[in-house]
Structure formats: structure tokens, C-alpha cells
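Chain by chain, the residues run as shown.
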Amino acid sequence: MPRYAQLVMGPAGSGKSTYCSTMVQHCETLNRSVQVVNLDPAAEYFDYPVMADIRELIEVDDVMEDASLRFGPNGGLVYCMEYFANNFDWLESCLGHTEDDYILFDCPGQIELYTHLPVMKYLVEQLQQWEFRVCGVFLVDSQFMVESFKFISGVMAALSAMVSLEIPQCNIMTKMDLLSKKAKKEIEKFLDPDMYSMIEDSTGKLRSKKFKKLTKAICELIDDYSIVRFLPFDRSDEECINIVLQHIDFAIQYGEDLEFKEPRETEEDKSQNFDEFFQDRADEQ
């Protein structure tokens, strides 16, 4: 039997720990067993039980206080994660070998861990060797995404993580419950964005021709890939939480007993398939 994992990522303050806590509570109401592993060595507080805590292995404060290392907060966190990557046997002993596990990995917020450092890539490869099906869950604060410039920045961060980790990924706008009604209407256009309208909104505010060209090139790149879409996450709305969970479950085929889902055919698709079938029969005769 396969095992399942969500790699909960995103910038600092995007709501990763709150997301994990909400998912644990939601799954409890569904009688689903979900465990959480804290992988942030700088974490101070979280309101959910953990099956493993990286701070038992190494802690940022200890690294920063080491006179021989003299690291700051960011350097200390990178050191902790590289130390963790060299001690995956600790994580293996914590996880055990239970089949059908479903685990949320609450990750640190430093973006360099998902772009130019290989630590999280090594983690994904190790989890896959332990027969985990891994889905990346990239969170961005919806309050940060209400302007075109900020939205493009968030999309690029999500796209960078997708390209680096090479796993299925669901991108989520968190803290939707904190937005005003006006802001919620404004942010709807960012859930399934039209990058060409983004170009018009963004470049109109720029005076520099070079920055206009750069912004246009970035928007066209995002549109060409066409793989970054966002789901809204409102922790006060059970249906909204369930929709997010269903998307992630579908990405890792949770509960399908290794049988992959086939996409549902629309009536138009069925009609087209029948026409092609009869045409092929006629050609054979």
C-alpha cells in the first residue's frame, strides 16, 4: 500500500501551521487519520499534535548561539536543514513503516530552500523511496495578492517551487476569511488569471520602458507554462476546506487503491468519440 504526504510550503507568515491545524481538525470530522511533522527548526508555537518535531534533532537557536558557527537567522536555518538532510534516518525512525499513512510536513518559509538549494528536493526523493506519494501545497497570503505586481511575484515563487521539486502541486490563497467583501471580489480574477490583462494593469503603472518589457516577458512566461492556478482557502468554510483537500487527494490518488482516475467525458466528447468510431468503421469497409 502506498503512503501519502503533503509538503506544506510558502513564504513566512503565509499560514502554513494554521493550514495544518485546520486540515487536522477537518479530517478528524471525516474520521480520517492525518499526522503532522514539523520541519521548521525555528518554530515557536503550533496548536496541533506532532508525530515528529525537527527541533528534537536540531534547533536554530542552538546553531546561532554556537560561537564556532556564528550564523544569523537565515544562515542558521539553512545549516539546520542541511544537517537534517544528512540525518534522514532520524525522520525514518519517527515515521515508522505504517501503510496508508497520510502526513502533513509543515516546512520552513525561506524561499531559497525551494529554489537554489537542494535540501527539499532531497527530502522529496527520500519520501518517494519510502513509497510516499507526495503533493506540494504552496501557500500564499491572499492579503498579499490583491495587486497585480504582488500577484506576479507570488506566481513566480510558486512556479519556481514546482519546477524545482518536480511533484504535483496545489497552489492556495490562504486567509480568505480575513478579506473584506470588496477585496474578495477583487481577488477572484487572480484565482484563474488572464496574464495579458495583468500585463496591462502592471505596465500602466511603470515609467521605465525596461521594466515594462521585463514585466511583459514574465507575464508571457507564466501564461506559456499555464500551470499556476490558485484555490481559495477559508478556514471558516468547511466546503472550501473540503474542495482543497479533494484536489490534493486527487493529485496523489488517495484512496484509489493504485487505480488512477480517468477524466470524466462531457457529452460533447462522447459525441465526438462516437463520430470518430463510426467514421473509422466506414473507412474499414
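Our subject is the structure that appears above.
Note that the structure is predicted; figures quoted are calculated from it, not measured.

Conventions we followed
Residues numbered from 1 in each chain as written. Predicted model: local features only at pLDDT ≥ 70, side-chain atom pairs only at ≥ 80, totals over all residues. Heavy atoms only, no water. Helix = DSSP H or I, 4+ residues; strand = E, 2+ residues; numbered from the N terminus. Buried < 20%, exposed > 50% of the residue type's maximum accessible area, 1.4 Å probe, protein only. Areas by Shrake-Rupley, 256 points an atom, 1.4 Å probe, with all protein chains shown as cover. Phe/Tyr/Trp six-rings, centres within 6.5 Å; stacked < 30°, edge-to-face > 60°. Core = buried A, V, L, I, M, F, W, Y, C linked by side-chain atoms within 4.5 Å. Contact = heavy atoms within 4.5 Å. Salt bridge = Lys/Arg side-chain N within 4 Å of Asp/Glu carboxyl O. Axes fitted to C-alpha atoms, helices over the stretch in contact; angles between N-to-C directions. Parallel < 35°, antiparallel > 145°, perpendicular 65-115°, else oblique. Nonpolar A, V, L, I, M, F, W, Y, C, P; charged D, E, K, R; others polar. Patch = residues over 30% accessible without salt bridge, like charges linked within 9 Å, V, L, I, M, F, W, Y side chains within 5 Å. Pairing = 2+ DSSP bridges.

## Details of the overall build of the protein
Next up, step 1: The helix and strand inventory of the protein stands at 11 helices and seven strands.
Next up, step 2: Counting the 285 residues in the protein, one finds 45% classified as buried.
Next up, step 3: As displayed, the protein has an accessible area near 15,900 Å², and 49% of this comes from carbon and sulfur atoms.

## Side note on the packing of aromatic side chains
Next up, step 1: Using the criterion set out here, one finds nine aromatic pairs in the structure.
Next up, step 2: Ring plane angle 75 degrees and centroid distance 5.0 Å describe the contact between Tyr4 and Tyr254, whose orientation is recorded as edge-to-face. A residue pair is termed long-range when its members are at least 10 positions apart, and Tyr4 in strand E1 (residues 3-9) and Tyr254 in the loop between helix H10 (238-252) and helix H11 (267-284) qualify at 250 residues.
Next up, step 3: Judged by relative accessible area, which is 1%, Tyr4 ranks as buried.
Next up, step 4: Measuring from ring centre to ring centre gives 5.1 Å for Phe84 and Phe88, while their planes differ by 90 degrees; the resulting arrangement is edge-to-face.
Next up, step 5: Exposure remark for Phe84: the relative accessible area of 0% places this residue in the buried category.
Next up, step 6: Taking relative accessible area as the criterion, Phe88 reaches 10% and is therefore assigned buried.

## With respect to the nonpolar core
Next up, step 1: The biggest cluster of nonpolar side chains holds 58 residues, and the ones touching the most others in it are Leu7, Phe105 and Met120.
Next up, step 2: Ranked by the residues each element gives to this core, the list is headed by helix H6 (residues 148-165), at nine residues.
Next up, step 3: Contacts of Met120, omitting those with residues within four sequence positions, involve Leu7, Met81, Cys107, Leu113, Tyr114 and Leu165.
Next up, step 4: Within the second largest apolar cluster, 26 residues are counted, among which are Tyr19, Cys170, Val244 and Ile252.

## Side note on the pattern of salt bridges
Next up, step 1: On inspection of all chains with the given rule, the structure shows five salt bridges.
Next up, step 2: Note that Asp53 is salt-bridged to Arg55, the shortest N-O span being 2.8 Å.
Next up, step 3: Overall, Asp53 belongs to the buried group, its relative accessible area being 8%.
Next up, step 4: Overall, Arg55 belongs to the partly exposed group, its relative accessible area being 23%.

## With respect to the environment of Gly15
Next up, step 1: Locating Gly15 in the fold gives a position in the loop between E1 and helix H1 (16-29).
Next up, step 2: Distance from Gly15 to Met173, taken between C-alpha atoms, is 9.6 Å for residues 158 residues apart in sequence.
Next up, step 3: If we ignore the near neighbours within four places in the chain, the residues touching Gly15 are Leu139 and Lys175.

## Section: the packing of H1 against H10
Next up, step 1: Where H1 contacts H10, the axes come no closer than 11 Å and their chain directions differ by 95 degrees. One finds that H1 runs roughly perpendicular with respect to H10. Here Tyr19, Thr22, Met23, His26 and Cys27 of H1 come into contact with H10, specifically with Glu238, Ile241, Asn242, Val244, Leu245 and Ile248.
Next up, step 2: Each residue belonging to the contact of H1 with H10 can be placed in one class, and the counts come to seven nonpolar, three polar and one charged.

## With respect to a nonpolar patch on the surface
Next up, step 1: On the surface, Phe71, Tyr79 and Tyr83 cluster together into a nonpolar patch covering about 250 Å² of accessible area.
Next up, step 2: Locating Tyr83 in the fold gives a position in helix H3 (residues 73-85).
Next up, step 3: What makes Tyr83 partly exposed here is its relative accessible area of 34%.

## Focus: the pairing of strand E4 (residues 102-106)
Next up, step 1: Of all five residues making up E4, five are buried, and the element is well covered by its neighbours.
Next up, step 2: A two-sided burial pattern is seen for E4, the buried positions comprising Tyr102, Leu104 and Asp106 on one face and Ile103 and Phe105 on the other.
Next up, step 3: Sheet topology note: the E1/E4 ladder contains five bridges and is parallel. Bridge pairing links Val8 to Asp106 in E4.
Next up, step 4: In the sheet, strand E2 (residues 35-38) pairs with E4 via four bridges, with the strands oriented parallel. Across the sheet, residue Val37 finds its bridge partner in E4, namely Phe105.

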